[in-house]
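One-letter residues, chain by chain:
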Amino acid sequence: MTDPTLPGRRERKRQQLLDHLADTAWALFEADGYEAVTMERIAAAADVAKATLYKHFPVKEALLRHRFHRELRLVWPVIQAELAQLAPGRERLAHFLARQADWCERQRAYLLHYVRHRLATLDLLDDGRERSGMDQIFTALIADGQAAGAFRRDLPAAQLAIHFQFVHLATLLRWLGGSGRPLDEEMTTMLDLTCNGLGVRP
């Protein structure tokens, strides 16, 4: 009997095509630089018609989105195992942010293109297919902290995660704009402000 939770043949083929297109584009970006690569070159290198490429990825940034979101999905089980060894709450959030900062440092040349595209297409993501999953990750980490008594419980985790995502995005944009500090330091400062607020320390 077929497992209804598994994608069907058509969806598997679709995903294979999307992965192929995104991986082909990534190889060209890495070889020649993001700005130098055109959609026409990507289609030719992937051996597909331009119309096929544009049907799935109307702009180069959408190819980055697919690549980056897939990377997060693939590495998430490993990160989950690491988080399980840490105390719920701030310690787990700090570890995830450090992991993310390391990844962002390696992808810095592409991140501003990706972030601009994501902000420009937020209203098109209601079906959830193209979401990164970061909202769910932050919600889960905050909920774990609430259950352990590390975070406030008067607001739902999903609402707190929305606020956290905004300060997280602001921190990333500050770094991309040239803050002069490593991203892990920026994230550490952001997490401290989020957890402790603006109050004067004793």
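Preceding this section is the structure that the text describes.
Residue indices follow the written sequence of each chain, beginning from 1 at its first position. Local features in this predicted model are restricted to residues whose pLDDT is 70 or higher, and side-chain atom pairs enter the listing and the counts only when it is 80 or higher, whereas totals over whole chains, interfaces and linings include all residues. The side-chain figures draw on all heavy atoms in the structure; neither hydrogens nor water molecules are used.

(A) The pattern of salt bridges, seen in detail. Here a salt bridge means any side-chain nitrogen of Lys or Arg lying within 4 Å of a carboxyl oxygen belonging to Asp or Glu. Enumeration according to the criterion identifies 14 salt bridges in this entry. Between D32 and R41 there is a salt bridge, with the nearest N and O atoms lying 2.6 Å from each other. A relative accessible area of 40% means that D32 is categorised as partly exposed. Remark: exposure states derive from per-residue accessible area (1.4 Å probe, protein chains only) relative to the maximum for the residue type, with buried under 20%, exposed over 50%, and partly exposed in between. Taking relative accessible area as the criterion, R41 reaches 34% and is therefore assigned partly exposed.

(B) Broad picture of the state of the cysteines. Cysteine sulfurs are considered disulfide-paired once they come within 2.5 Å of each other. Overall, the coordinates contain 0 disulfides when judged by the stated rule. Among the cysteines around C104, which has no disulfide bond, C195 carries the closest sulfur, lying 19 Å off.

(C) The packing of helix α1 (residues 9-32) against helix α4 (residues 60-83), seen in detail. At a closest axis distance of 9 Å, the pairing of α1 and α4 adopts a crossing angle of 110°. Taken together, the axis directions place α1 and α4 in an arrangement best described as roughly perpendicular. Along its contact with α1, which presents Q15, L18, D19, L21, A22, D23, A25, W26 and F29, the element α4 presents K60, L63, L64, H66, R67, F68 and R70. A breakdown of the residues in the contact of α1 with α4 according to their chemical character gives 9 nonpolar, 2 polar and 5 charged. Here an axis means a line fitted to C-alpha atoms, over the contact stretch when the element is a helix, while the angle between two N-to-C directions is reported on a 0 to 180 degree scale. Runs of E in the DSSP output that reach at least two residues are strands. Runs of H or I that reach at least four are helices, and both are numbered from the N terminus. Should an angle fall under 35 degrees it is called roughly parallel, over 145 degrees roughly antiparallel, and 65 to 115 degrees roughly perpendicular, with every other angle called oblique. The criterion used for residue contact is that any of the two residues' heavy atoms lie within 4.5 Å. Any residue outside Ala, Val, Leu, Ile, Met, Phe, Trp, Tyr, Cys, Pro, Asp, Glu, Lys and Arg is labelled polar, Gly included; the first ten of those are nonpolar and the last four are charged.

(D) Focus on the packing of α4 against helix α6 (residues 108-120). Relative orientation of the contacting elements α4 and α6 amounts to 100°, with a least axis distance of 9 Å. Classified by the angle their axes make, α4 and α6 are roughly perpendicular. From α4, E61, A62, L64, R65, F68 and H69 reach across to α6, where they touch Y110, L111, H113, Y114, H117 and R118.

(E) Main features of the side chain of Q107. When you line up the elements, Q107 lands in the loop between α5 (90-106) and α6. Aside from chain neighbours lying at most four places away, what touches Q107 is W26, F68 and E71.

(F) Looking closely at α4. The span you would expect from a helix comes to 1.5 Å times its residue count less one. Compared with the 34 Å implied by 1.5 Å per residue over 24 residues, the 33 Å span of α4 between its first and last C-alpha is a close match. Of all the bends in α4, the greatest, near 45°, is centred on W76, and the proline P77 appears no more than four residues after it. Here the bend at each residue means the angle between axes fitted to two seven-residue stretches, the one ending at that residue and the one beginning there.

(G) Quick peek at the layout of surface pockets. As defined here, a cavity is a set of points on a 1 Å grid over the protein atoms alone where a 1.4 Å probe fits but cannot get out. A pocket is an open set with protein on both sides within 12 Å along at least five of seven lines, and residues line them when an atom is within 4 Å of a point. Grid points are joined across faces, edges and corners, and a volume is the space filled by probe spheres set on the points. The calculated volume of the largest pocket comes to roughly 900 Å³. Elements with a minimum of two residues in the lining of the largest pocket: α4, α5, α6, α7 (134-147) and α8 (157-176).

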